[in-house]
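Reading the structure
Spelled out from the first residue to the last, the chains are:
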Amino acid sequence: MDQAEIQKLELFISCRALKDLVTLTVSDPFVVMLVQNQNKWFEHGRTEKIDNNLNPNFAKSMTIEYHFEVQQHLRFEVYHYVDERQSKLIGRTDTTLSAVVGSKDQLIALPLYDDTNSKGGTIIIRADQVKDCADQVTLHLRGNDIIETRFWFWHSTNPFLRFYRLRKDDPNPVLVYETEQVLNNKNPVWQPIVCKAQKLCNGDYFMPIKIELWDYRTSGQHVLLGETAVSLDQLRNGEKQKQFQNKQNKNKVVGTLQVTQFILNQKASFIDFLQGGLQLNLLVAIDFTASNKNINDITSLHYQDPKGTPSLYEQAIVSVGDILINYDYDKKVPVYGFGCKPKLNMINTNETLHCFPLNDNPDDPEVYGLQGIVQVYRDTVKRLSFDGPTYLHPVLQQAMQQAREIKDKKQDNYLILLILTDGQTNDLQITIDDVIASSHLPLINNFDWYWQCRFQKYGSFRQ
């Protein structure tokens with residue numbers, strides 16, 4: 001399918017008139033969204049829990065890929081939260097993603113039914129196309145002179161904020177964020193808001209963001225005090241203060257919202273970096289320690305099958321390398337081995353080496369393309385005496401040295417280090433130290449990008 005036809009949608013969920021499953025108070029609902037795959041249901045995500053509320057608007061949304069030509073079946077289950085081990089079903093409904101998207105304003109209301117087919121309320125689902133925006137917003141807010149809603153012994157207010165998207169020509173605002181409540185405070189300072197701009201305004205910096213001021217009540221019957229609106233464009237142009245107005249009381253001013261800090265970090269995407277001239281270089285290191293077992297042992301990860309079936313290491317090289325090699329601008333890849341005694345022409349020793357060029361050429365360890373990596377592996381693996389222990393430090397030092405040269409030459413290059421290993425290492429602490437020390441270098445080798453093989457026999461190795 002054409003990638004352009006695949007869109008990401010953000011689903012916003014609300015419920016109305018939920019069935020109350022609690023005697024003394026009211027239910028604490030949350031919603032679980034499931035998707036159907038091969039006639040089985042799988043959980044896709046869930047909202048936050050909202051206490052004491054039969055008409056909840058959930059701030060946590062669900063993101064899902066939308067395929068026009070595929071019937072994507074969805075199920076929404078609404079539960080009352082009891083404790084960490086137990087929840088009670090209020091009701092569920094089944095629909096399709098196309099039904100949501102095809103509804104007017106991409107908004108659909110569906111009845112909920114429990115296991116006895118009794119009505120459990122209504123769920124409202126709204127879809128918004130996710131715009132490509134990686135920019136991050138940091139927002140520090142405080143309130144001033146918030147109106148008191150309690151008197152005598154209970155005077156003052158417990159203020160919190162709700163943020164809504166306001167789409168053009170759409171009367172239905174969408175809740176996208178909610179702050180914590182600040183107890184008994186007319187001049188509250190809320191925790192900093194750190195989120196993607198896409199979350200607040202879907203990447204539209206001119207979209208008005210409605211901000212409601214509420215007074216928190218433990219009963220769940222929170223009181224709306226007032227509202228205001230602002231756009232990210234206004235904030236980045238220096239807007240510092242907005243008045244909360246009560247539209248039900250002749251726009252009476254009920255407090256002030258003060259922006260004490262606003263930061264918009266515009267984050268470039270991977271494609272942006274490539275289009276800007278960034279060049280990537282791949283470096284590969286392969287584990288030949290004895291823990292992988294002899295190549296003639298059928299249980300070995302390097303097993304050389306007489307029938308020609310690739311070893312698990314070769315399968316990993318192809319699986320991962322086939323992706324990464326596309327981003328290497330010249331396709332020339334240095335390949336190293338470690339943890340063995342090489343018996344090659346130029347490199348022939350009874351000493352265990354922990355970083356050596358697999359092509360037997362210390363002056364030029366590069367091979368060309370994915371096929372070159374596979375071929376040098378096949379040609380060399382039978383001429384190595386597997387040993388140990390497993391040290392990653394020498395390989396990391398080699399990569400760091402190349403990264404330093406790139407940095408010193410001020411080149412727009414970035415080095416990707418691919419380490420293929422069975423997951424066992426005997427120098428963990430120094431490896432961690434190397435990762436920390438390389439954090440300022442143009443080198444991807446930290447634990448988020450530390451590539452390891454997934455060998456079925458030994459399970460998947462965690463980073």
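Source: prediction; values computed, not measured.

Let us look at the overall build of the chain. Along its length, the chain carries eight helices and 26 strands. Taken over the C-alpha trace, the chain has a radius of gyration of 29 Å; the compact-globule value for 463 residues is 23 Å, which it surpasses by more than 25%. Based on the C-alpha atoms only, the size of the chain along its principal axes is roughly 90 × 55 × 45 Å. When burial is assessed residue by residue, the chain has 47% of its 463 residues classed as buried. Considering only contacts within the chain whose residues lie at least 6 apart along the sequence, 65% involve residues at least 24 apart. When the accessible surface of the chain is summed, it comes to about 24400 Å², and 47% of that surface belongs to carbon and sulfur atoms. For the chain, the separation between the mean place of its 49 positive charges and that of its 55 negative charges on side chains is 6 Å.

Orientation of helix H7 (residues 393-408) relative to helix H8 (residues 428-437), taken along the N-to-C sense of each, is 10 degrees, at an axis distance of 9 Å. One way to sum up the angle between H7 and H8 is to call them roughly parallel. The two elements H7 and H8 cross, and the hand of that crossing is left-handed. In contact with His393, Leu396, Gln397 and Met400 of H7, H8 contributes Ile430, Thr431, Asp434 and Ala437. Residue composition of the contact of H7 with H8, grouped by class: four nonpolar, three polar and one charged.

Inspection of the entire model under this criterion finds one cavity of 30 Å³ or more. The computed volume of the largest cavity comes to approximately 40 Å³. Lining of the largest cavity is provided by Leu139, Phe163, Leu200, Ile209, Ile211, Val230, Leu232 and Leu235. Among the elements of the structure, strand S13 (209-215) and helix H3 (232-236) are those that each provide at least two residues to the lining of the largest cavity. Of the residues that constitute the lining of the largest cavity, the class distribution is eight nonpolar, no polar and no charged.

Here helix H6 (residues 369-381) is 13 residues long and its end C-alpha atoms lie 19 Å apart, about the 18 Å a rise of 1.5 Å per residue gives. Burial in H6 covers these residues: Gly369, Leu370, Gly372, Ile373, Val374, Val376, Tyr377, Thr380 and Val381.

Their axes nearest at 10 Å, the elements helix H5 (residues 312-324) and H6 cross at an angle of 165 degrees. It follows from the interaxial angle that H5 and H6 lie roughly antiparallel. When the axes of H5 and H6 are compared, the crossing they make is right-handed. Residues Tyr313, Glu314, Ile317, Val318, Gly321 and Asp322 of H5 pack against Leu370, Ile373, Val374, Tyr377 and Arg378 of H6. Here the contact of H5 with H6 is built from residues that sort into seven nonpolar, one polar and three charged.

Moving on to the environment of aspartate 422. Along the chain, aspartate 422 falls in the loop between strand S23 (413-420) and H8. For the pair aspartate 422 and threonine 116, spaced 306 residues apart in the sequence, the C-alpha separation amounts to 52 Å. Engagement of the side chain of aspartate 422 in a polar contact is seen with the side chain of serine 291, the distance being 2.5 Å.

Relative to the 22 Å expected for 16 residues at 1.5 Å per residue, H7 spans 22 Å between its end C-alpha atoms, a close match to the ideal helical length. Within H7 the residues assigned to the buried category are Val395, Leu396, Ala399, Met400, Gln402, Ala403 and Ile406. Taken end-on, H7 shows its buried residues confined to a sector of 165 degrees, consistent with a single buried face. After H7 finishes, the residue lysine 410 shows a positive phi value of roughly 55 degrees.

Under the definition given, this model contains six aromatic pairs. Consider the rings of phenylalanine 288 and tyrosine 377, whose centres lie 6.2 Å apart with planes at 20 degrees: the pair is stacked. Of the two residues, phenylalanine 288 is situated in the loop between strand S17 (279-287) and H5 and tyrosine 377 in helix H6; the sequence distance between them amounts to 89 residues. Like phenylalanine 288, the residue tyrosine 377 is buried in the burial classification. Relative to phenylalanine 386, the ring of phenylalanine 288 has its centre 5.9 Å away and its plane inclined at 45 degrees; by these criteria the two rings are tilted. With phenylalanine 288 in the loop between S17 and H5 and phenylalanine 386 in strand S22 (residues 384-386), this residue pair connects regions lying 98 residues apart in the sequence. What makes phenylalanine 288 buried here is its relative accessible area of 0%. By relative accessible area, which is 17% here, phenylalanine 386 ends up buried. Three or more aromatic residues link up through ring pairs in this structure, and these residues are Phe160, Trp214 and Tyr216. Over the ring of tyrosine 164 we find lysine 210; its NZ or CZ atom is 5.7 Å from the centre of that ring.

Here strand S7 (residues 107-113) pairs with strand S8 (residues 119-129) via seven bridges, running antiparallel. Directly across from proline 111, in S8, lies its bridge partner threonine 122. Two successive antiparallel strands, S7 and S8, enclose a turn made up of five residues, where asparagine 117 displays a positive phi of approximately 70 degrees.

The rules we used
Residues numbered from 1 in each chain as written. Predicted model: local features only at pLDDT ≥ 70, side-chain atom pairs only at ≥ 80, totals over all residues. Heavy atoms only, no water. Helix = DSSP H or I, 4+ residues; strand = E, 2+ residues; numbered from the N terminus. Rg over C-alpha atoms; globule rule 2.2 N^0.38 Å. Buried < 20%, exposed > 50% of the residue type's maximum accessible area, 1.4 Å probe, protein only. Contact = heavy atoms within 4.5 Å. Areas by Shrake-Rupley, 256 points an atom, 1.4 Å probe, with all protein chains shown as cover. Lys, Arg positive; Asp, Glu negative; His and termini not counted. Charge placed at Lys NZ, Arg CZ, Asp CG, Glu CD. Axes fitted to C-alpha atoms, helices over the stretch in contact; angles between N-to-C directions. Parallel < 35°, antiparallel > 145°, perpendicular 65-115°, else oblique. Left-handed = near helix turned anticlockwise from the far one by under 90°. Nonpolar A, V, L, I, M, F, W, Y, C, P; charged D, E, K, R; others polar. 1 Å grid on protein atoms, 1.4 Å probe; cavity = no way out; pocket = protein on both sides within 12 Å on 5 of 7 lines; lining within 4 Å. Points joined across faces, edges and corners; volume = space filled by probe spheres on them. Expected span 1.5 Å × (residues − 1). Polar contact = N/O pair within 3.5 Å; in protein donor to acceptor, adjacent residues only side chain to side chain. Arc of directions from axis to C-beta. Phe/Tyr/Trp six-rings, centres within 6.5 Å; stacked < 30°, edge-to-face > 60°. Lys NZ or Arg CZ within 6 Å of the ring centre and 35° of its normal. Pairing = 2+ DSSP bridges.

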